[in-house]
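So you can see what is in the structure, the chains are spelled out below.
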Amino acid sequence: MAEELCKQCSIYGKIKCSLLGVYRSLPAGGAFFHPDGKQEDDTQPKSEWTQSVTELAEKGNRAAASKLLLDLVMEKGTGAQRVILGRNELGDSGMKPVSAALNNLECKIEKLRLSQVGVTDSGAKELTSALNTNRSLTELLLSENDLGDSGVKLVSAALRNPECKIRRLGLERVVLTDSGAEDLASALRTNPSLMELYLGDNKLGDTGVKLMSVGLRNPECKIQKLRLERIGLTESGAEDLASALNTNPSLTELQLSDNELGDSGVKLVSTALRNPECWTMSVSQILVSRISAALSEQIYH
């Protein structure tokens, strides 16, 4: 099985090394590869395509190895449910074979990880065109790519498609500002499938949070987990966020680590949490400093 091929790695949230590979939900299990070409368990037999990708990576030609892997995704990816391509030199051109695989009517890919692969708004255009037609994808991670506001707007447009089934979207460190927040908020209002949204380490600021809060207040918004760590949120934006918490019945987890809310911002959020209509059960480290024991007790109780 795939788990046996990479003993130190696992699929969800516990990846301990950089991976270059495809996880295939087939009897053969599939394989993981490190960017340096090392396969965790060398006792396992390698298929011809596995050997080719590994040899290229071992020779230091990661770009060529990535290209070959993408070609294989286009050829074999329709039989996979989870595809992990993070931390590889794919670039915008690498999105073409990925999009081709997603556009295939036989595509079964449900979870696609493309974090830190060098994609910009140009590659996002290629990818989102496939999102408009693909009906199998439920998880898309695009964190640590220079998508910018224009790239996020393209992703948001795809999310607004009523046929879009994405439930989990990762957009951490994608150079998003308040200029792209309005389009994303619009997607929150119209997409009933989206339940987890990760936006940490972007420059949303108070203006961006105010725009996002409008989307959160919409009855059609079904977001359950929202991550807003290190986004430049202050007391001003906390007021709008608190208002959204008072009306949103679906949000159960909110991450606000490393934002300068100040004591007044903390009070606003904690007051919203005490509202019987608020279902948010987990708030993590909402202020770096100046949280008194009394305020902490208000938040968690």
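Residues numbered from 1 in each chain as written. Predicted model: local features only at pLDDT ≥ 70, side-chain atom pairs only at ≥ 80, totals over all residues. Heavy atoms only, no water.

**Things to note about the overall build of the chain**
Here is the rule we go by: Secondary structure counts use DSSP, requiring at least four H or I residues in a row for a helix and at least two E residues in a row for a strand, with both numbered from the N terminus. Categorising residues by exposure relies on relative accessible area from a 1.4 Å probe, with only protein chains included: less than 20% of the type maximum marks a residue as buried, more than 50% marks it as exposed, and the intermediate range marks it as partly exposed. A contact between two residues is defined here by any heavy atoms of the two lying within 4.5 Å. Computed by Shrake-Rupley with a 1.4 Å probe, the accessible areas treat only the displayed protein chains as cover when residues are assessed.
Within the chain one finds 11 helices and 10 strands. In the chain, which comprises 301 residues, the share counted as buried stands at 51%. Restricting the contact set of the chain to residue pairs at least 6 apart, pairs at least 24 apart contribute 79%. Within the structure as shown, the chain displays about 13,500 Å² of accessible surface, and the carbon and sulfur contribution to it stands at 49%.

**As for helix α8 (residues 205-217)**
Put simply, the test is: Given a helix with a known number of residues, its expected span is that number minus one, times 1.5 Å. Note: the arc covers the axis-to-C-beta directions of the helix.
Taking 1.5 Å of rise per residue, the 13 residues of α8 would be expected to cover 18 Å, and the 18 Å separating its terminal C-alpha atoms lies within 8% of that figure. Regarding α8, the residues found buried are Gly205, Asp206, Gly208, Val209, Met212, Ser213, Gly215 and Leu216. Along α8, the residues classed as buried sweep out an arc of 165 degrees about the axis, all on the same side. Contact partners of the buried residues in α8: α7 (178-190), β7 (196-198), β8 (225-227) and α9 (235-247).

**A few points about unusual backbone geometry**
Of note in the backbone geometry, Gln116 takes a positive phi value of approximately 55 degrees without being a glycine. Of note in this structure, Arg173 is not a glycine but carries a positive phi near 55 degrees. Along the polypeptide, Arg173 turns up in the loop between β6 (168-170) and α7. A relative accessible area of 46% places Arg173 in the partly exposed class.

**Here we look at the pattern of salt bridges**
Note the cut-off: Salt bridges are defined by distance alone: a side-chain nitrogen of Lys or Arg within 4 Å of a carboxyl oxygen of Asp or Glu.
This structure, assessed with the given rule, holds 10 salt bridges. One salt bridge connects Arg135 with Glu163, and the closest N-O pair in it is separated by 3.9 Å. Of the two residues, Arg135 sits in the loop between α5 (121-131) and β5 (139-141) while Glu163 sits in the loop between α6 (148-159) and β6, which places them 28 residues apart along the sequence. Overall, Arg135 belongs to the partly exposed group, its relative accessible area being 37%. The residue Glu196 makes a salt bridge to Arg168 at a minimum N-O spacing of 3.5 Å. Here the residue Glu196 occupies a position in strand β7, and Arg168 occupies one in strand β6, the gap between them amounting to 28 residues.

**A short note on the environment of Gly205**
With respect to the helices and strands, the residue Gly205 is situated in helix α8. The exposure class assigned to Gly205 is buried, which follows from its relative accessible area of 16%. Sequence separation between Gly205 and Thr234 is 29 residues, and the spatial gap between their C-alpha atoms is 7.6 Å. Sequence-distant contacts of Gly205, that is, excluding residues within four places in its chain, are made with Ile231 and Gly232.

**Regarding the packing of α7 against α8**
Note the following rule: Axes here mean lines fitted to C-alpha atoms, for a helix over just the part in contact, with angles spanning 0 to 180 degrees between N-to-C directions. Angular relationships are summarised with four words: roughly parallel below 35 degrees, roughly antiparallel beyond 145, roughly perpendicular across 65 to 115, and oblique for the angles in between. Under the convention adopted here, Pro, Cys and the residues Ala, Val, Leu, Ile, Met, Phe, Trp and Tyr are nonpolar, Asp, Glu, Lys and Arg are charged, and Gly plus all remaining residues are polar.
Following both chains from N to C, one finds α7 and α8 inclined at 10 degrees, their axes separated by 8 Å at the closest point. The orientation of α7 relative to α8 falls into the category roughly parallel. For the pair α7 and α8, contact is made by Asp178, Ala181, Glu182, Leu184, Ala185, Leu188 and Arg189 and by Thr207, Gly208, Leu211, Met212, Val214, Gly215 and Leu216, respectively. Split into classes, the residues belonging to the contact of α7 with α8 amount to 8 nonpolar, 3 polar and 3 charged.

**Examining the side chain of Ser143**
Heads up, the condition is: Side-chain atoms alone can form a polar contact between residues adjacent in sequence; in general such a contact is a pair of N or O atoms within 3.5 Å, and within protein one must be able to donate a hydrogen while the other accepts it.
Mapped onto the secondary structure, Ser143 falls in the loop between β5 and α6. According to the relative accessible area criterion, Ser143 is buried, its value standing at 7%. One polar contact links the side chain of Ser143 to the main-chain amide nitrogen of Glu172, over a distance of 3.1 Å. In this view, Ser143 contacts Leu114, Ser115, Gln116, Gly170, Leu171, Glu172 and Val174; residues no more than four positions away in its chain are not counted.

**Details of empty space enclosed by the protein**
Put simply, the test is: The way it works is a 1 Å grid over only the protein atoms, where trapped points that fit a 1.4 Å probe form a cavity and open points with protein on both sides within 12 Å along at least five of seven lines form a pocket, and then any residue with an atom within 4 Å of a point lines it. Grid points are joined across faces, edges and corners, and a volume is the space filled by probe spheres set on the points.
Applying the stated criterion across every chain, the model contains 2 cavities of 30 Å³ or more. Put simply, the second largest cavity is a space of about 30 Å³. In the lining of the second largest cavity, the residues fall into 4 nonpolar, 1 polar and 1 charged.

**Points about the nonpolar core**
For clarity, the cut-off: Residues enter a nonpolar core if they are buried and are Ala, Val, Leu, Ile, Met, Phe, Trp, Tyr or Cys, with the set joined through side-chain atoms within 4.5 Å.
One finds Leu114 and Leu140 to be the most contacted residues of the largest nonpolar core, which totals 61 residues. When contributions to this core are tallied by element, the ones reaching two or more residues are α4 (95-103), α5, α6, α7, α8, α9 and α10 (262-273). The contact partners of Leu114, leaving out residues within four places of it in the chain, are Leu85, Leu90, Met95, Leu127, Leu140, Leu141, Leu142, Ser143 and Asn145.

**Observations regarding the environment of Thr177**
The residue Thr177 is located in the loop between β6 and α7 in this model. Separated by 27 residues in sequence, Thr177 and Leu204 have C-alpha atoms that sit 4.5 Å apart. Discounting residues that sit within four places of it in the chain, Thr177 has contacts with Asp149, Lys203 and Leu204.

**A closer look at the confidence of the model for the chain**
The condition is simple: pLDDT runs from 0 to 100 and stands for how confident the predictor is about each residue.
For the chain, mean pLDDT is 75; residues scoring 70 or higher make up 65% of the total. Taken element by element, the chain is modelled with least confidence in helix α1 (residues 2-5), mean pLDDT 30, and with most confidence in β6, mean pLDDT 98. In the predicted structure, residues 285-296 sits below a pLDDT of 50 and forms 29 contacts with residues beyond four places in sequence or in another chain.

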